[in-house]
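Chain by chain, the residues run as shown.
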Amino acid sequence: TVEYRELKSYVGFLNARKNTTVTPKEVQKFKNTLAKKRAKANGKVRTIYVTSMQKAKAQRFKARAKVRKLRVERSDEVSAIKANRASALNALTSAKNRSVAAIDASYDTKIGNLQKNLRKLQRQLNRASKPAKRQSIKLQISEVQDEINSEQKSKQIDLNAVLRKYRNQTEQTKNKYTARILQAKAEWLNDINQAEAN
């Protein structure tokens, strides 16, 4: 600083006069001037120190505010991703339920008609007395029962295919959103580390 250079110059001046004789009045004058210059230099150093500390404090406050803002932003981003994930999973569940209901409705009508036919044949069998007639009805009952079993098997195959499809889609959706959450958290951690390092 200018004040320090003036103090140094004055100290050099005093060192040069070390071997010369001076009056007590001059000694006192030198001491007073030296004390003033030292106080002036110290005052300037304190001012610079206080200013730099205030700047550093302001920078720290700014950095902390930035870190807090980053935390909030990333937290909001992760919450939004989780909400999107929940929405996507709910949509898949709804679609799966609709598909299952459609399969149920389609097969239940067919199976219901066949069971109605089976009950009708059973009543006919109960009323029939001739062995040939009974044998014919038994064959019809067996055929209808085979149809019912075949329809139920087909229904189960279709249901399993739908459930497998939506299970895979659900797994893929979960994995996709988990990856997004992990990426957001990694970016968040990196940004916070950089902000804290700064």
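A brief look at the structure comes next. Treat the numbers as computed from the prediction; the structure is a model and nothing was measured.

Examining the nonpolar core
Grouped together as the largest cluster of nonpolar side chains are 18 residues, with contacts concentrated most on I137, I141, V144 and I148. Only α2 (24-127) and α3 (131-197) provide two or more residues apiece to this core. Examining the composition of this core, we find that ten residues originate from one element, α2, more than from any other. Leave out the neighbours within four places in its chain, and I141 touches L118, L121, Q122 and L125. Formed by six residues, the second largest nonpolar core is a distinct cluster that contains L7, Y10, L14 and F30.

Side note on the packing of aromatic side chains
Aromatic ring pairs: the centre-centre distance and the angle between the two ring planes describe each pair. Tallied over the entire structure, the rule returns zero aromatic pairs. If you follow K110 out to its NZ or CZ, it ends over the ring of Y107, 5.0 Å from the centre. Positioned above the aromatic ring of Y177, the side-chain terminus of R180 is 5.0 Å from the ring centre.

Re the pattern of salt bridges
According to the stated counting rule, one finds six salt bridges in the structure shown. Of the charged contacts in the structure, one is a salt bridge between E73 and K69, with a shortest N-O distance of 3.9 Å. Of this pair, E73 and K69 are both found in helix α2, four residues apart, which corresponds to roughly one turn of the helix. Residue K69 is classed as exposed on the basis of its relative accessible area of 53%. Between R74 and E77 there is a salt bridge, and its shortest N-O distance comes to 2.6 Å. Of this pair, R74 and E77 both sit in helix α2, three residues apart, roughly one helical turn. According to the relative accessible area criterion, R74 is buried, its value standing at 15%. Taking relative accessible area as the criterion, E77 reaches 31% and is therefore assigned partly exposed.

Quick notes on helix α1 (residues 2-16)
Relative to the 21 Å expected for 15 residues at 1.5 Å per residue, α1 spans 21 Å between its end C-alpha atoms, a close match to the ideal helical length. Here α1 has its buried residues at E3, L7, Y10 and L14. Viewed end-on, α1 has its buried residues packed into an arc of 65°, placing them on one side of the element. In α1, those exposed residues whose orientation departs by more than 90 degrees from the buried face are R5, K8, S9 and A16. Check the buried side of α1 and you find it contacts α2.

Conventions and cut-offs
- Residues numbered from 1 in each chain as written.
- Predicted model: local features only at pLDDT ≥ 70, side-chain atom pairs only at ≥ 80, totals over all residues.
- Heavy atoms only, no water.
- Core = buried A, V, L, I, M, F, W, Y, C linked by side-chain atoms within 4.5 Å.
- Buried < 20%, exposed > 50% of the residue type's maximum accessible area, 1.4 Å probe, protein only.
- Helix = DSSP H or I, 4+ residues; strand = E, 2+ residues; numbered from the N terminus.
- Contact = heavy atoms within 4.5 Å.
- Phe/Tyr/Trp six-rings, centres within 6.5 Å; stacked < 30°, edge-to-face > 60°.
- Lys NZ or Arg CZ within 6 Å of the ring centre and 35° of its normal.
- Salt bridge = Lys/Arg side-chain N within 4 Å of Asp/Glu carboxyl O.
- Expected span 1.5 Å × (residues − 1).
- Arc of directions from axis to C-beta.

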